[in-house]
Amino acid sequence: MTTTQTISPIQRRSPLLTWLVFPLITLGIYFFVWYYKIHREMADLKRDANAPVSGPLLVMIFLGWTGIGALISFWRTGSRISEAQESAGLEGTCKPVFGFLLNLVFGLGILYYQLELNKIADRIDPQQ
């Protein structure tokens, strides 16, 4: 008897490595890689060809210096994570306001968002 296992497009990542270690090692470049990857994974999860993937990254790269562009993009990322949780059959527990406020404290919003994304990965692919 064979069973089919659904593999999550959302990759489970260590929140501590994502938030602190990899950005320190790469002098902050890993944040941009992570930001692109999570948007790609959420688009793949929802199977939405119109979901923003590169746009949020471009906002961070080119408008991050304005402050407001980066904050809006980060807030919307929290909303997208909540929508992705709901499309995975979970309750949308990711709150953009928490991510926004935590981001103001040592960038902890990244840690929070990765923990919320890991809920999706664990729900879809509990073997990880």
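Now for a look at the structure at hand. (Residues numbered from 1 in each chain as written. Predicted model: local features only at pLDDT ≥ 70, side-chain atom pairs only at ≥ 80, totals over all residues. Heavy atoms only, no water.)

Brief notes about the environment of leucine 24
Piece 1. Mapped onto the secondary structure, leucine 24 falls in helix 1 (residues 15-25).
Piece 2. What makes leucine 24 exposed here is its relative accessible area of 58%. (Helix = DSSP H or I, 4+ residues; strand = E, 2+ residues; numbered from the N terminus. Buried < 20%, exposed > 50% of the residue type's maximum accessible area, 1.4 Å probe, protein only.)

Examining the nonpolar core
If you look at soluble globular proteins, the nonpolar side chains tend to sit buried side by side.
Piece 1. Trp34 and Ile120 are the most contacted members of the largest nonpolar core, which totals 22 residues.
Piece 2. Those elements that provide at least two residues to this core are helix 2 (29-46), helix 4 (68-87) and helix 6 (108-124).
Piece 3. If sequence neighbours within four positions are ignored, isoleucine 120 has contacts with Ser8, Ile10, Leu45, Ile81, Ala84, Gln85, Ala88 and Leu90. (Core = buried A, V, L, I, M, F, W, Y, C linked by side-chain atoms within 4.5 Å. Contact = heavy atoms within 4.5 Å.)

Describing the pattern of salt bridges
Piece 1. Scanning the entire structure with this criterion turns up five salt bridges.
Piece 2. The partner of glutamate 41 in a salt bridge is arginine 13, and the shortest N-O contact between them spans 2.6 Å. Of the two residues, glutamate 41 is situated in helix 2 and arginine 13 in the segment before helix 1; the sequence distance between them amounts to 28 residues. For the pair glutamate 41 and arginine 13, one class covers both residues: buried. (Salt bridge = Lys/Arg side-chain N within 4 Å of Asp/Glu carboxyl O.)

Re a nonpolar patch on the surface
Piece 1. A surface patch of nonpolar side chains, amounting to about 720 Å² of accessible area, comprises Trp75, Val97, Phe98, Leu101, Leu104, Val105 and Phe106.
Piece 2. Among the elements that make up the nonpolar patch, the one with the highest residue count is helix 5 (residues 96-103) (three residues).
Piece 3. As for its placement among the helices and strands, tryptophan 75 is situated in helix 4. (Patch = residues over 30% accessible without salt bridge, like charges linked within 9 Å, V, L, I, M, F, W, Y side chains within 5 Å. Areas by Shrake-Rupley, 256 points an atom, 1.4 Å probe, with all protein chains shown as cover.)

Things to note about the environment of phenylalanine 106
Piece 1. Mapping phenylalanine 106 onto the fold places it in the loop between helix 5 and helix 6.
Piece 2. Take phenylalanine 106: its relative accessible area is 73%, and that puts it in the exposed class.
Piece 3. Residues phenylalanine 106 and alanine 51, spaced 55 residues apart in sequence, show a C-alpha to C-alpha distance of 29 Å.

Structural notes on the packing of helix 2 against helix 4
Piece 1. Contact geometry of helix 2 with helix 4 gives a least axis separation of 10 Å together with a crossing angle of 35 degrees. Considering how the two elements wind past one another, helix 2 and helix 4 form a crossing that is left-handed. For the pair helix 2 and helix 4, the contacting residues are Phe31, Tyr35, Ile38, His39, Met42, Leu45 and Lys46 in the first and Ser73, Phe74, Thr77, Arg80, Ile81, Glu83, Ala84 and Ser87 in the second.
Piece 2. The residue inventory of the contact of helix 2 with helix 4, partitioned by class, reads eight nonpolar, four polar and three charged. (Axes fitted to C-alpha atoms, helices over the stretch in contact; angles between N-to-C directions. Left-handed = near helix turned anticlockwise from the far one by under 90°. Nonpolar A, V, L, I, M, F, W, Y, C, P; charged D, E, K, R; others polar.)

Details of the side chain of threonine 77
Piece 1. Looking at the secondary structure, you find threonine 77 in helix 4.
Piece 2. Only 3.1 Å separates the side chain of threonine 77 from the side chain of histidine 39, close enough to count as a polar contact.
Piece 3. When sequence neighbours within four positions are dropped, the list of residues in contact with threonine 77 reads Tyr35, Ile38, His39 and Tyr113. (Polar contact = N/O pair within 3.5 Å; in protein donor to acceptor, adjacent residues only side chain to side chain.)

What about the packing of aromatic side chains?
Piece 1. Evaluated as defined, the whole model comprises nine aromatic pairs.
Piece 2. For the ring pair phenylalanine 31 and phenylalanine 32, a centre distance of 5.4 Å and an interplane angle of 70 degrees mean the geometry is edge-to-face.
Piece 3. You can call phenylalanine 31 buried: its relative accessible area is 16%.
Piece 4. Given the relative accessible area of 31%, phenylalanine 32 is considered partly exposed.
Piece 5. Taking 5.8 Å as the distance between ring centres and 40 degrees as the angle between the ring planes, the aromatic pair formed by tyrosine 112 and tyrosine 113 counts as tilted.
Piece 6. Overall, the relative accessible area of 12% leaves tyrosine 112 in the buried class. (Phe/Tyr/Trp six-rings, centres within 6.5 Å; stacked < 30°, edge-to-face > 60°.)

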